[in-house]
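Here are the chains, one letter per residue:
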2 protein chains.
Amino acid sequence: MNKLLIVGTVAFDAIETPFGKTDKILGGAATYIGLSAAQFDIESAIVSVVGDDFPQDYLDLLKNRNIDITGTEIVKGGKTFFWSGKYHNDLNSRDTLDTQLNVLADFQPVVPEDFKTPDIVMLGNLHPLVQLSVLEQLKRPKLVVLDTMNFWMDNTWDDLMKVIEKVDVLTINDEEARQLTEEYSLVKAARKIAKMGPKYVVIKKGEHGALLFHNNQIFFAPALPLEEVFDPTGAGDTFAGGFTGYLAHTGDISFKNMKNAVIYGSTLASFCVEKFGTERMQDLKKEEVHERLEDFKSLTQFQIKLT
Amino acid sequence: MNKLLIVGTVAFDAIETPFGKTDKILGGAATYIGLSAAQFDIESAIVSVVGDDFPQDYLDLLKNRNIDITGTEIVKGGKTFFWSGKYHNDLNSRDTLDTQLNVLADFQPVVPEDFKTPDIVMLGNLHPLVQLSVLEQLKRPKLVVLDTMNFWMDNTWDDLMKVIEKVDVLTINDEEARQLTEEYSLVKAARKIAKMGPKYVVIKKGEHGALLFHNNQIFFAPALPLEEVFDPTGAGDTFAGGFTGYLAHTGDISFKNMKNAVIYGSTLASFCVEKFGTERMQDLKKEEVHERLEDFKSLTQFQIKLT
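Rules behind the numbers
- Residues numbered from 1 in each chain as written.
- Chains lettered and ligands numbered in written order.
- Predicted model: local features only at pLDDT ≥ 70, side-chain atom pairs only at ≥ 80, totals over all residues.
- Heavy atoms only, no water.
- Contact = heavy atoms within 4.5 Å.
- Buried area = accessible area lost by both parts, 1.4 Å probe.
- Salt bridge = Lys/Arg side-chain N within 4 Å of Asp/Glu carboxyl O.
- 1 Å grid on protein atoms, 1.4 Å probe; cavity = no way out; pocket = protein on both sides within 12 Å on 5 of 7 lines; lining within 4 Å.
- Points joined across faces, edges and corners; volume = space filled by probe spheres on them.
- Helix = DSSP H or I, 4+ residues; strand = E, 2+ residues; numbered from the N terminus.
- Nonpolar A, V, L, I, M, F, W, Y, C, P; charged D, E, K, R; others polar.
- Core = buried A, V, L, I, M, F, W, Y, C linked by side-chain atoms within 4.5 Å.
- Buried < 20%, exposed > 50% of the residue type's maximum accessible area, 1.4 Å probe, protein only.
- UniProt positions renumbered as here; feature names shortened; annotations may be inferred.
- Least-squares fit on C-alpha atoms with pLDDT ≥ 70 in both.
- Axes fitted to C-alpha atoms, helices over the stretch in contact; angles between N-to-C directions.
- Parallel < 35°, antiparallel > 145°, perpendicular 65-115°, else oblique.
- Left-handed = near helix turned anticlockwise from the far one by under 90°.

### A few points about the interface of chain B and chain A
Okay, step 1: Facing the 44 residues of chain B at the interface are 44 residues of chain A.
Okay, step 2: Here chain B packs against chain A, burying approximately 4200 Å² in sum over the two surfaces, 56% of which is carbon and sulfur.
Okay, step 3: Considering only the side of chain B, the residues that lose the most area to chain A are Glu227, Phe302 and Thr307 of chain B, jointly responsible for 18% of the buried surface there.
Okay, step 4: Our count for the contact surface shared by chain B and chain A stands at four salt bridges.

Structure, rendered in structure tokens:
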């Protein structure tokens, strides 16, 4: 069985959307990635850190999805990373209300012995030096996927460049791709990113779907048009979990199969946004996923007669 | 051979984009629709009006594409409709600098005898009462497609409702769909529009593609990711021309075939934006269109193995 190593935050979130607000609930990039990748028949592990204020129930929730959390350190007397945000009415933008790094401030990731030769690595959004430190502990995996955000471009540019040059796939949202490359056209932005290292670039456009670039090839997956997006938190990480989970499961990292991985990622993300936080991902059944993949097919597939 | 009747403006445009500006050039919704539909083996006619300041060369250009312009009135001593606009740097928004209605102010459309029983009618963006007056001169066609814009919602709501309830397909952009229905979700907006009359709704999202809705079915066509959009003027009308031209050509107005029509429309629109005004559409070859349809296939088609 192929191994997927996930690095990222396991955290508390407090979320406010036009539909309601939550208290501190389970959040974090690695949590969303892990729950999403758990849809596939793979071995996965999360390298992360929490404080001892983190409920055992949350840890059990991950363990019960067959995710190895021996690499998730529990810091005695420490407090778990906390993020709080409020979405605007259109749900396309949000304000961060509070960020408490807590135990994340001194996080030194340690990859468990069992996962030092993973097939695929998903480096979730974190300080680039933490991402780099994980890579240095590994035998070169078949595929390394990196997610990042504008915060690291603004504050740790040189470190970010060091990790970007070492990865195979960069997943990034459209505005961040523009910031990273100073190109408005996403086609040009992707080409510039490829020159920084990653042979594959995934540009996430939220409700407008996701683009996969490789050499001169482009693939596009729409987001499923939904009646209502309830809470967009974690959609990008859920996408990344579906993308890497599918690649690990199939063991095929060709561009052709990455198209399928992008479709799987979009499919899983379309569930994530239906409820608050990780709620929808916790009870998601394989049959529901397969049914929605059929929706993606009707949404996008056509058989044209040329004129 | 199937007949497509096109109603809309034939006009002068002056356009400014970050890449340059034009003097008065050939423009108008019906012009773009006509040039786009001319890619198909159909009989088409434009019902419109111009002043006698309109160059014979421009009329010949349409005639040479086999478009019947006997229904395009030339008003003696009249001046042609003129629009001037300037695009912002991202090309997603623009300011109207000048609008001179001129002969359009008193336009009384007259459908030529030969086109009173068309198979398909494309009602381009115009005063709803002008659109209605055209419909009243016809034997009910197989399919009536209507395009409109926010201006008519703001100023002629009741008239707009009268024509909307009579058409089969509404094409409209995302912001206008939201304004028309007071729904943010495009899925909900499309459902509300269907209750106003049109059984099919096409929501155009510019660089983010187009959605086709019918009952509970949805189809999505992305816009082709381009290195550079040079001038977006006429892209929506070119889409409409490709959509209706393909439907007229195939004579098949099923939802399944409308998917192909949406793909054809998107393909033709991707050419339109490559040069100023109608320039690119004037010399577009069928082989180029077929080649780009292949690009659309690679962009969107996948063969997924379920896990």
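Having seen it, we continue.
### Focus: the layout of surface pockets
Okay, step 1: Here the second largest pocket defines a volume of roughly 480 Å³.
Okay, step 2: Residue lining of the second largest pocket: 22 residues in total, with Val187, Asn215, Asn216, Gln217 and Ile218 of chain B positioned closest to the centre.
Okay, step 3: Broken down by secondary-structure element, the contributors of at least two residues to the lining of the second largest pocket are α11 (286-300) of chain A together with α7 (186-196), β13 (200-204), β14 (210-214) and β15 (217-221) of chain B.
Okay, step 4: Of the residues assigned to the lining of the second largest pocket, the class counts are 12 nonpolar, five polar and five charged.

### What to know about the nonpolar core
A general tendency of soluble globular proteins is for nonpolar side chains to be buried together.
Okay, step 1: With 221 residues, the main nonpolar core has Leu5, Leu123 and Phe243 of chain A together with Leu5, Leu123, Leu180 and Phe243 of chain B as its most contacted residues.
Okay, step 2: Leaving out residues up to four positions away in the same chain, Phe243 of chain A has contacts with Val145, Val169, Val202, Met258, Ala261, Val262 and Gly265 of chain A.

### Brief notes about the UniProt feature "domain: Carbohydrate kinase PfkB" (unreviewed entry) in chain A
Okay, step 1: The residues that UniProt annotates with the feature "domain: Carbohydrate kinase PfkB" (unreviewed entry) are residues 20-280 of chain A.
Okay, step 2: As annotated, residues 20-280 of chain A has a helix share of 37% and a strand share of 24%, and its two end C-alpha atoms lie 16 Å apart.

### Structural notes on the relation of the copies chain B and chain A
Okay, step 1: Superposing chain B onto chain A takes a rotation of 180 degrees combined with a translation of 0.0 Å along the rotation axis, leaving an RMSD of 0.0 Å. The two molecules are tied by a two-fold rotation axis, judged by turn and shift.
Okay, step 2: Taken together, the interface assignments show that 100% of the residues at the interface of chain B recur at the interface of chain A, consistent with an identical surface on both copies.

### Considerations on the packing of helix α9 (residues 255-272) of chain A against α11 of chain A
To characterise two packed helices, one gives the angle between the axes of the helices and the distance between these axes.
All names here are of chain A.
Okay, step 1: At a closest axis distance of 10 Å, the pairing of α9 and α11 adopts a crossing angle of 115 degrees. On the basis of the axis angle, α9 is roughly perpendicular to α11. When you trace α9 past α11, the crossing you get is right-handed. Judged by residue contacts, Ile263, Tyr264, Ser266, Thr267, Leu268, Ser270 and Phe271 of α9 engage Glu288, Val289, His290, Arg292, Leu293 and Phe296 from α11.
Okay, step 2: Across the contact of α9 with α11, the residue classes tally to seven nonpolar, four polar and two charged.

### Focus on the side chain of Ser266 of chain A
Okay, step 1: Checked against the element boundaries, Ser266 of chain A lands in helix α9.
Okay, step 2: Setting aside anything within four residues of it in sequence, one finds Ser266 of chain A in contact with Ala221, Pro222, Phe239 and Phe296 of chain A.

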